Structures are given as C-alpha cells and as structure tokens.
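# Structural characterization, general
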Amino acid sequence: MDILLIAGLWLDGSAWDDVVPELTALGHRPVPLTLPGQGDGAAAATLDEQVETVVAAVDAAPGRPLVVGHSAASTLAWLAADARPEKVAKVALIGGFPAPDGRAYADHFAIEGGAVPFPGWGPFEGADAADLDQQARDRFASAAVPVPEAVVRGVVRLTDERRFDVPVVVVCPEFTPAQAEKWIGSGESPELARAAHLAYVDIDSGHWPMTTRPRELARVLAEAAGSRRG
C-alpha cells in the first residue's frame, strides 16, 4: 500500500528518512511529502496549497493510500479524507487531532516577519521532548523551517460528511490511548467524535516518534495499512 507521510510544523519530507526504509522493508511504498512553504522555499505558501499538494498525492497513488498526518498535519490528513473519502483507505494521526471546520489551521505560535519560526524547546518541555537528547534537539532546531503565516492562519474547510466513514487510527506518543479517548469523548475533538471507525495505538515516545522510534512507528503504520478497519 502507498503510505503518504505528512510531517507537522517546521518539518519537510526528510523528517521521515528513518521511517521510509523500515516501511519499505515491511512491503509498503512510503511517500514522504514536502509541503509548500516547508522546505521548497515558497515563503508565501498558503494552507490551500498545502492541501492541494496532499490531495494530488492521494490522486497519484495507484490504489487507496493510508494518509498519515503528524501533529498539526493531522488536519491535512483529515482534509485529504474530506476531499477524497472514496480514495483514502485510512487516516493515521500521530500526536495530533484535526481542527474542525472554520478553525485556523495552527495559529498558536508567535508570527515573526510573516512566518512562524521554531519557538525553541520551551513549549515542548516535558513529555513532548523527553526522549530527544541534546544532539537530536540541535539537529531539529537547525533544520526547522519557518512556516508561512498564510499556512498557519489559513481556515480549515470541511465539506463532505463521508469523511466520517474513513477509518482513523490515533497513534498516541506523548499521551496514552486512554487520555486520547477521554479527550475525544469530552468533545475536545469534535471531528474524531463523529468518526465511525476509530482505533487507538500506543507508542512509547515523545512527540516526534519518527525521530526517536522510527522502527516502532513504521510497524504501527504498517499494521494500520494492513487492516481495512481500525
């Protein structure tokens, strides 16, 4: 199965470099995406352009792909399910929940000079970054790409309720499946609360398992790709 890999804020397609060979060895075809404004030099990129890139990758897949969204990009994966509910086999969300219709994509970090630079490790101290050593932190920070303002402030538009029939796997890194289930049940994720086929998978990592647990993450994604329903 094609597995489309979409990294969160500040990351380009290289974020998946350690996961790609593991997925390939497990018999899948991983397709890491570099989004407009996150690695291609397009400083004026918009959220709509990022969505178009993801949907184009879905359309280009020979079959029905698994679409994987990490962190904020969970919303992009869900937007792909909304745009192509008949084409997306399943969505896997790593450490994130999709924003609802009418909400800004990711406007919770400071904007400087028309973009959101990586804010440093302060906001992520604790469970998010606990498994990143100093070398990994330095490497992440040096490679981080400021995300254009028109991306983070772009408004999410969801239009096709068939998205709720697309199976979803919630991959839980810095939080537990029980916590995720509680948050969704209490209304913190109105989109996932309406998902008809929802499953939870635990992974013992911080917020960036593609960096710290690539082999385990690949196995989780391969298992998700191998079963039609979550």
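Presented here is an overview of the structure given in this document. Predicted, not measured: the structure shown is a model, and the values here were computed from it.

### Considerations on the pattern of salt bridges
Counted under the stated rule, the structure contains 10 salt bridges. For the salt bridge of Asp2 with Arg29, the shortest nitrogen-to-oxygen distance reads 2.7 Å. Placement of the pair is Asp2 in strand β1 (residues 2-6) and Arg29 in strand β2 (residues 29-32), with a sequence separation of 27 residues. Close ionic contact of Glu125 with Arg137 constitutes a salt bridge, the shortest N to O distance being 2.9 Å. With Glu125 in the loop between β5 (115-116) and α4 (134-143) and Arg137 in helix α4, this pair connects stretches of sequence that are 12 residues apart. Through salt bridges with shared partners, a single network forms among Asp82, Arg163 and Glu191.

### Let's talk about the layout of surface pockets
In this structure, the largest pocket spans a volume of roughly 700 Å³. Lining the largest pocket are 33 residues, and of these Ser71, Gly95, Gly96, Phe97 and His108 lie nearest its centre. Across the lining of the largest pocket, the residue classes break down as 19 nonpolar, nine polar and five charged. Approximately 330 Å³ is the volume attributed to the second largest pocket. Mapped by element, the contributors of at least two residues to the lining of the second largest pocket are α4 and α8 (209-212). With four residues, α4 is the largest single contributor of residues to the lining of the second largest pocket. Along the lines of polarity and charge, the residues of the lining of the second largest pocket split into nine nonpolar, two polar and four charged.

### Notes on the sheet that holds β1
Taken in spatial order, the six strands line up as β2-β1-β3-β4-β7-β8 in an open sheet, and their pairing is parallel. The sheet terminates laterally at β2 and β8 (198-202), the two strands that pair on one side only. On average, each strand axis in the sheet is inclined to that of its neighbour by 20°, with strand direction left out of account. Sheet analysis places β1 next to strand β3 (residues 66-70), joined by four bridges and oriented parallel. The residue of β3 that forms the bridge with Ile3 is Leu66. In the packing of helix α6 (residues 177-185) onto the sheet, contacts are made with β7 (168-172) and β8, and the angle to β8 comes to roughly 145°.

### Details of the packing of aromatic side chains
One pass over the full model with this rule turns up 16 aromatic pairs. With centroids separated by 5.2 Å and ring planes inclined at 65°, the aromatic side chains of Phe175 and Trp183 adopt a geometry described as edge-to-face. Trp183 gets classed as partly exposed once you look at its relative accessible area, which sits at 28%. In this structure an aromatic cluster arises from ring pairing among Trp10, Phe109, Phe118, Trp121, Phe124, Phe140 and Trp208.

### A short note on helix α3 (residues 74-83)
Of all 10 residues in α3, nine are buried; the element is thus mostly enclosed. By the burial criterion, the buried members of α3 are Ser74, Thr75, Leu76, Ala77, Trp78, Leu79, Ala80, Ala81 and Asp82. Taken together, the buried residues of α3 touch β1, α2 (47-60), β3, β4 (90-94), β7 and α7 (190-193).

### Some words on the pairing of β4
Counting buried positions over the five residues of β4 gives five, a clear majority of the element. The side-chain alternation of β4 yields two buried faces, one formed by Lys90, Ala92 and Ile94 and the other by Val91 and Leu93. Here β3 pairs with β4 via five bridges, running parallel. Residue Leu66 lies in a different strand from β4, and its bridge partner there is Lys90. Here β4 runs beside β7; their pairing, made up of four bridges, is parallel. Each bridged residue has a counterpart across the sheet, and for Ile94 the counterpart in β7 is Val171.

Rules used in this analysis
Residues numbered from 1 in each chain as written. Predicted model: local features only at pLDDT ≥ 70, side-chain atom pairs only at ≥ 80, totals over all residues. Heavy atoms only, no water. Salt bridge = Lys/Arg side-chain N within 4 Å of Asp/Glu carboxyl O. Helix = DSSP H or I, 4+ residues; strand = E, 2+ residues; numbered from the N terminus. 1 Å grid on protein atoms, 1.4 Å probe; cavity = no way out; pocket = protein on both sides within 12 Å on 5 of 7 lines; lining within 4 Å. Points joined across faces, edges and corners; volume = space filled by probe spheres on them. Nonpolar A, V, L, I, M, F, W, Y, C, P; charged D, E, K, R; others polar. Pairing = 2+ DSSP bridges. Axes fitted to C-alpha atoms, helices over the stretch in contact; angles between N-to-C directions. Contact = heavy atoms within 4.5 Å. Phe/Tyr/Trp six-rings, centres within 6.5 Å; stacked < 30°, edge-to-face > 60°. Buried < 20%, exposed > 50% of the residue type's maximum accessible area, 1.4 Å probe, protein only.

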